[in-house]
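This is what each chain is made of:
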Amino acid sequence: MSELARALDPATREALAQRIRFYRDLGLTEFYRRPVEASLIEAEAASSSEAQQVADECDQAESVSAPSQPESAEHQIHAEDETISTRKSFPQPPQIGAAVAPGERAAALQLIRDDIGDCVRCALHKGRNKIVFADGSPAARLMFVGEGPGADEDAQGLPFVGRAGQLLNNMISAMGLKRGEVYIANVVKCRPPGNRTPEPEEANICSQFLFRQIDVVRPQVLVALGATAATYLLGARQPLAGLRGRVHSVRGCQLIVTYHPAYLLRDPRQKKEAWADLQIAMAELGLKAPARA
Ligand code: URA
């Protein structure tokens, strides 16, 4: 965590994190912050004016990165400022060679779960209640990948069982499928504190298990729910807006990128867009939406 972030009180930090997650779900991944002298940070750590400064900077990011602006504008403004790259690469292990027979997939997945064990490989283990491995069919043709467990998932040990999970269930039904027919997993298997975005180190460590799960299930179609899933599945951080609406290829699977259900709960107007993404997945799977009653 940066010095600047440490200087903020937890409520402000969480509010800013939520706001940044909101932008990230929109596909806006570049934020700018002016370099701040260390002495200034120390002097202001005791006061809340620092929080206001960062909030203002987020407002600036909002105004320079509004979706209606041409994308190139994002890259030009504040050229002298610190920029978080949108093209950062993340490592992926090689795909395992032989396909696991459908009848052996449950056992193969259990081996991965056993390998995870009572994991302490990254700091996320400190705050978790339950490891959230996955849910659904080991022989699924369609797999959804989310970011990481929230409070409900952490309590139950299952992915997408809270409000976002309810919406995901509705999306699955709208596709004419049952939840038990698809496979659902996350980039990280332990709940990040305060539902923050997993740090690259945490996601890189944990996604090795996700890749192994994908290699065992070998779904025809993967759906990345939100920017974090898309980033680690594709191995590069790119704006969500540029990834939606087309079919990518990942580990022998077709990958469709769409909004995270939690984002759709915050902005239901985007559900139509998400449905368009799911229809791409359905076309690849040869599925027709069930007739409405
Ligand atoms: N959000 C996620 O990304 N994953 C879950 O399992 C629940 C909420």
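Residues numbered from 1 in each chain as written. Predicted model: local features only at pLDDT ≥ 70, side-chain atom pairs only at ≥ 80, totals over all residues.

Draft legend 1. Representation of the overall build of the protein chain in the model. Scanning the protein chain from terminus to terminus reveals 13 helices and eight strands. Taken over 293 residues, the protein chain has a buried fraction of 35%. When contacts within the protein chain are restricted to residue pairs at least 6 apart in sequence, long-range pairs at least 24 apart make up 79% of them. (Helix = DSSP H or I, 4+ residues; strand = E, 2+ residues; numbered from the N terminus. Buried ≥ 20, exposed ≤ 12 C-beta atoms within 10 Å, placed from the backbone. Contact = placed C-beta atoms within 7 Å.)

Draft legend 2. Quick look at the site of the ligand. For the ligand, the full set of nearby residues is G146, E147, G148, P149, G150, E153, P159, F160, A164, G165, N186 and A262. For the shell around the ligand, the per-class residue count stands at five nonpolar, five polar and two charged. (Near = placed C-beta within 6 Å. Nonpolar A, V, L, I, M, F, W, Y, C, P; charged D, E, K, R; others polar.)

Draft legend 3. Region of the structure containing the packing of helix α6 (residues 105–116) against helix α9 (residues 200–217). The interhelical angle for the contact between α6 and α9, taken along N-to-C directions, is 170 degrees, at an axis separation of 9 Å. The angle between the axes of α6 and α9 places the two elements in the roughly antiparallel class. Across the interface between the two elements, R105, A108, L109, I112 and I116 of α6 pack against F209, R212, Q213, V216 and V217 of α9. Counted by class, the contact of α6 with α9 contains seven nonpolar, one polar and two charged residues. (Axes fitted to C-alpha atoms, helices over the stretch in contact; angles between N-to-C directions. Parallel < 35°, antiparallel > 145°, perpendicular 65-115°, else oblique.)

Draft legend 4. Inspection of the environment of F160 at higher detail. Residue position: F160 is located in the loop between α7 (151–156) and α8 (163–174). A sequence separation of 24 residues divides F160 from I184, and the C-alpha atoms of the two residues are 8.0 Å apart.

Draft legend 5. Broad picture of the nonpolar core. Core analysis: the biggest nonpolar cluster contains 55 residues, and M143, V145, L222, V223 and A224 have the highest contact counts within it. Counting residues per element, this core draws most heavily on α9, at seven residues. (Core = buried A, V, L, I, M, F, W, Y, C linked by C-beta atoms within 7 Å.)

Draft legend 6. Focus on the pairing of strand β4 (residues 142–146). Within β4, five of the five residues are buried, leaving the element largely enclosed by the surrounding structure. Here β4 shows a buried face lined by L142, F144 and G146 and a second buried face lined by M143 and V145. Pairing between β4 and strand β6 (residues 221–225): four bridges, direction parallel. Bridge pairing links M143 to L222 in β6. The sheet contact formed by β4 and strand β5 (residues 183–186) spans four bridges and is parallel. Bridge pairing in β5 places F144 opposite I184. (Pairing = 2+ DSSP bridges.)

Draft legend 7. A look at the environment of R246. Along the chain, the position of R246 falls in the loop between α11 (240–243) and β7 (248–250). Judged by C-beta crowding, with 11 C-beta atoms within 10 Å, R246 ranks as exposed.

Draft legend 8. Highlighting unusual backbone geometry. At F160, a position not held by glycine, the phi torsion is positive, near 50 degrees. The phi torsion at R218 lies on the positive side, around 45 degrees, for a residue other than glycine. By the element assignment, R218 lies in the loop between α9 and β6.

Draft legend 9. Examining the sheet that holds β6 more closely. With mixed pairing, six strands are arranged side by side in an open sheet as β3-β5-β4-β6-β8-β7. Single-partner strands in this sheet number two, and they are β3 (135–136) and β7. Bridge count for β6 against strand β8 (residues 253–258) is five bridges, and the pairing is parallel. Paired with V223 across the two strands is I256, which belongs to β8. Where helix α10 (residues 227–234) meets the sheet, its contacts fall on β4, β6, β7 and β8, and the angle it forms with β6 comes to roughly 130 degrees.

Draft legend 10. Looking closely at the pairing of β6. For β6, the tally of buried residues reaches five of five residues, placing the bulk of the element in the interior. Burial along β6 is two-sided: V221, V223 and L225 facing one way and L222 and A224 facing the other are all buried.

Draft legend 11. Broad picture of the confidence of the model for the protein chain. Across the protein chain, pLDDT averages 81, with 72% of residues at or above 70. Note on residues 43–85: pLDDT under 50 across the span, and 39 contacts to partners over four residues away in sequence or across chains. (pLDDT = per-residue confidence, 0-100.)

Draft legend 12. Geometry of helix α13 (residues 271–285). Compared with an ideal rise of 1.5 Å per residue, which puts 15 residues at 21 Å, α13 spans 21 Å between its outermost C-alpha atoms and is within 8% of the ideal. G286 sits one or two residues past α13 and shows a positive phi near 70 degrees. (Expected span 1.5 Å × (residues − 1).)

Draft legend 13. Main features of α6. For α6, with 12 residues, the first-to-last C-alpha span of 17 Å sits near the 16 Å given by 1.5 Å per residue. G117 occupies a position one or two residues after α6 and carries a positive phi of about 55 degrees.

Draft legend 14. Representation of the environment of P193 in the model. Inspection of the secondary structure puts P193 in the loop between β5 and α9. Along the backbone, P193 and K126 are 67 residues apart, and their C-alpha atoms lie at a distance of 9.3 Å.

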